[in-house]
Amino acid sequence: MTERAGTRARAIKRTTGKGGNYRPTKSGAGMTEKGVKAYRAANPGSKLKTAVTGKVKAGSKAAKRRKSYCARSLGQLKRSSAKTRNDPNSRIRQARRRWKC
């Protein structure tokens, strides 16, 4: 990696192919189970988890995670461009659909 202005350049995140740890937009965006395991291996102590996609009991930890994600992602959606906001196939819209927001 190269050093530039005192910061290290980051590797480009790929969504498909070898080392692709992110779901394609068509299958709901977000990280794959394999990607989460790879991230946690590289970052000990991380509590990263995959999306809450199933049916959950009201008030459970999973339900609270979903509610929190939906609130955060709504802010991201509102701050995105009109093109992204209105496109049903944009990554943020697909991820919100997968989380059942």
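You'll find the structure just up there.
Let me begin by describing the structure that accompanies this report. Sequence order as written defines the numbering, with residues in each chain counted from 1. Local features in a predicted model are, by the rule used here, given only for residues with pLDDT of at least 70; side-chain atom pairs are given and counted only at 80 or more, and totals for whole chains, interfaces and linings are based on all residues. Excluded from the side-chain calculations are hydrogens and water; all other atoms, namely the structure's heavy atoms, are used.

1. Some details on the overall build of the protein
- Strands here are runs of E lasting at least two residues and helices are runs of H or I lasting at least four, both read from the DSSP assignment and numbered beginning at the N terminus. On a plain count of helices and strands, the protein comes out with four helices and two strands.
- The cut-offs for exposure are 20% and 50% of the maximum accessible area for each residue type, with area from a 1.4 Å probe on protein chains only; residues under the lower value are buried, those over the upper are exposed, and the others partly exposed. Buried residues in the protein amount to 23% of all 101 residues.
- Just so you have it, the protein exposes about 7,900 Å², and 53% of that area is on carbon and sulfur atoms. Here the Shrake-Rupley method, with its probe set to 1.4 Å, supplies the accessible areas, and only the displayed protein chains count as covering residues.

2. Some remarks on the packing of aromatic side chains
- The aromatic pairing rule takes the rings of Phe, Tyr and Trp, using the six-membered ring of Trp, and pairs them if the centres are within 6.5 Å, calling planes under 30 degrees apart stacked, those over 60 edge-to-face and the rest tilted. Throughout the structure, instances matching the rule amount to one aromatic pair.
- On the basis of an interplanar angle of 15° and a centroid distance of 4.2 Å, the ring pair of Y69 and W99 is categorised as stacked. On the criterion of sequence distance, the pair formed by Y69 in helix α2 (residues 61-79) and W99 in the segment after α4 (91-98) is long-range, its members being 30 residues apart. Accessibility assignment for this pair places Y69 and W99 in one class, buried.

3. Quick notes on the environment of R93
- Looking at the secondary structure, you find R93 in helix α4.
- Note: C-alpha distance between R93 and T25 (68 residues apart in sequence) is 9.2 Å.
- If we ignore the near neighbours within four places in the chain, the residues touching R93 are L77, T84, R85, N86, D87 and P88. Here a residue-residue contact requires only that any non-hydrogen atoms of the pair lie within 4.5 Å.

4. As for the side chain of S90
- Here S90 is to be found in the loop between α3 (82-86) and α4.
- Every residue in contact with S90, bar those within four places of it in the chain, is listed here: T25 and T84.

5. With respect to a positive patch on the surface
- Side chains of R40, K47, K49, K61 and K64 sit close together on the surface and give a patch of like positive charge.
- Along the polypeptide, K64 turns up in helix α2. Each patch groups residues whose relative accessible area exceeds 30% and which form no salt bridge, using 9 Å between like charges and 5 Å between nonpolar side chains of Val, Leu, Ile, Met, Phe, Trp and Tyr. Counted as salt bridges are all cases of a side-chain nitrogen of Lys or Arg within 4 Å of a carboxyl oxygen of Asp or Glu. Charge assignment in this entry is limited to Lys and Arg as positive and Asp and Glu as negative, and neither His nor the chain termini are counted. Taken as the charge centre is NZ of Lys, CZ of Arg, CG of Asp or CD of Glu, depending on the residue.

6. Describing α2
- Working rule for helices: expected span equals 1.5 Å times residues minus one. The terminal C-alpha atoms of α2, which comprises 19 residues, lie 28 Å apart, in line with the 27 Å expected from a rise of 1.5 Å per residue.
- Buried within α2 are the following residues: A63, R66, Y69, C70, S73, G75 and L77.
- Residues of α2 that are buried sit in contact with α3 and α4.

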